[in-house]
Amino acid sequence: MSEPASPIPNSIAAVLEQLAEAEKARAEPQLTSRQRRARTVARLAAVQALYQMELAGEGVETVISEFENHRFDAPIEGETLAEADEHWFAEIVRGVVTGQRDIDAAVKARLASNWRLERLDATLRALLRCGAWELKERPEVPKEIVIDEYVELAKAFFDEAEAKFVNAALDGVARDVRPKA
């Protein structure tokens, strides 16, 4: 997998616009469009938080607090993450950290036999971990929504090849953790 040029190669505005366009094609039926948008932004922030935790070695509560107290309201490249569902964000980040052993096992089961999770780019690992956590722990969210959201996030960070990889890996995880879904 190729590495992104930076944690966010596209501007925040471009990423949010890309996600908004993708959202038009799908919808979590029980949520309003504002709530869906808030979850999308929360997913983006969760990927960023996990990336930050891995690179800086910061703890989960420190990073969650930083996002809640500074990042969600502060402008980044002229945009804010203020519309994020902060509760959903914190659930994802805490859930991934708490269940990382099981989540990593679920993802590893879907990697080619010669690939190790540690070989993947940190952003790609964060995307897969967040998606796998939602698939495992949030059965009320349709698997198609989870997969589509993280594939769209992958497109914001990487080329089409990595987005297809995320799609295939999360689809496999979904089959494993939601066999009847």
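Residues numbered from 1 in each chain as written. Predicted model: local features only at pLDDT ≥ 70, side-chain atom pairs only at ≥ 80, totals over all residues. Heavy atoms only, no water.

Overview of the overall build of the protein chain
- For the protein chain, the helix and strand inventory stands at eight helices and zero strands.
- Secondary structure elements in the protein chain, listed N-terminal to C-terminal, are α-α-α-α-α-α-α-α.
- Counting every position in the protein chain, which comprises 181 residues, the buried fraction comes to 50%.
- Pairs at least 24 residues apart make up 70% of the contacts formed inside the protein chain by residues separated by at least 6 positions.
- Counting every atom, the protein chain has about 8,600 Å² of accessible surface; 47% of that belongs to carbon and sulfur. (Helix = DSSP H or I, 4+ residues; strand = E, 2+ residues; numbered from the N terminus. Buried < 20%, exposed > 50% of the residue type's maximum accessible area, 1.4 Å probe, protein only. Contact = heavy atoms within 4.5 Å. Areas by Shrake-Rupley, 256 points an atom, 1.4 Å probe, with all protein chains shown as cover.)

Focus: the nonpolar core
- Among the nonpolar cores identified, the biggest contains 53 residues, and Phe89, Val93 and Tyr150 are the most heavily contacted of them.
- The residues contacting Val93, other than those within four sequence positions of it, are Ala46, Ala49, Leu50, Met53, Val60 and Ile64. (Core = buried A, V, L, I, M, F, W, Y, C linked by side-chain atoms within 4.5 Å.)

Things to note about the packing of helix α2 (residues 33–56) against helix α7 (residues 143–157)
- Look at α2 against α7: their axes get within 11 Å of each other, and the N-to-C directions meet at 55°. Classified by the angle between their axes, α2 and α7 sit oblique to one another. The handedness of the crossing between α2 and α7 is right-handed. On α7, the residues that touch Thr40, Arg43, Leu44 and Val47 of α2 are Ile145, Glu149, Tyr150, Leu153 and Phe157.
- Residue composition of the contact of α2 with α7, by class: six nonpolar, one polar and two charged. (Axes fitted to C-alpha atoms, helices over the stretch in contact; angles between N-to-C directions. Parallel < 35°, antiparallel > 145°, perpendicular 65-115°, else oblique. Left-handed = near helix turned anticlockwise from the far one by under 90°. Nonpolar A, V, L, I, M, F, W, Y, C, P; charged D, E, K, R; others polar.)

Quick word on the confidence of the model for the protein chain
- Looking at the protein chain as a whole, its pLDDT mean stands at 83, while 78% of the residues score no less than 70.
- Across the protein chain, the element-wise mean pLDDT spans from 63 in helix α1 (residues 12–23) up to 96 in helix α6 (residues 122–137).
- Throughout residues 1–8 the model reports pLDDT below 50, and contacts reaching past four residues in sequence, or to other chains, amount to 20 contacts. (pLDDT = per-residue confidence, 0-100.)

Concerning the packing of aromatic side chains
- Scanning the entire structure with this criterion turns up one aromatic pair.
- The ring of Trp88 has Arg39 sitting right over it, with the charged end atom 3.6 Å from the ring centre. (Phe/Tyr/Trp six-rings, centres within 6.5 Å; stacked < 30°, edge-to-face > 60°. Lys NZ or Arg CZ within 6 Å of the ring centre and 35° of its normal.)

Looking at the environment of Arg110
- By the element assignment, Arg110 lies in the loop between α5 (100–108) and α6.
- Among the residues examined, Arg110 registers a relative accessible area of 31% and is labelled partly exposed.
- Sequence-wise, Arg110 and Leu170 are 60 residues apart; in three dimensions their C-alpha atoms are separated by 8.1 Å.
- The contact partners of Arg110, leaving out residues within four places of it in the chain, are Ala169, Gly172, Val173, Arg175 and Asp176.
- At a separation of 3.3 Å, a polar atom in the side chain of Arg110 contacts the main-chain carbonyl oxygen of Gly172. (Polar contact = N/O pair within 3.5 Å; in protein donor to acceptor, adjacent residues only side chain to side chain.)

Focus: the pattern of salt bridges
- Applying the stated rule across the entire model yields 13 salt bridges.
- Note that Lys108 is salt-bridged to Glu118, the shortest N-O span being 3.8 Å. With Lys108 in helix α5 and Glu118 in the loop between α5 and α6, the pair connects residues that are ten residues apart, well separated along the chain.
- Overall, the relative accessible area of 41% leaves Lys108 in the partly exposed class.
- With a relative accessible area of 47%, Glu118 lands in the partly exposed category.
- As a salt-bridge pair, Lys155 and Glu152 come within 3.2 Å of each other at their nearest N and O atoms. Taken together, the residues span about one helical turn, with Lys155 and Glu152 both in helix α7 at a distance of three residues. (Salt bridge = Lys/Arg side-chain N within 4 Å of Asp/Glu carboxyl O.)

Considerations on the environment of Arg138
- Mapping Arg138 onto the fold places it in the loop between α6 and α7.
- Taking the C-alpha atoms as reference points, Arg138 and Ile92, separated by 46 residues in sequence, lie 9.9 Å from one another.
- Apart from residues no more than four positions distant in its own chain, Arg138 is found in contact with Trp88, Glu91, Trp133 and Arg178.

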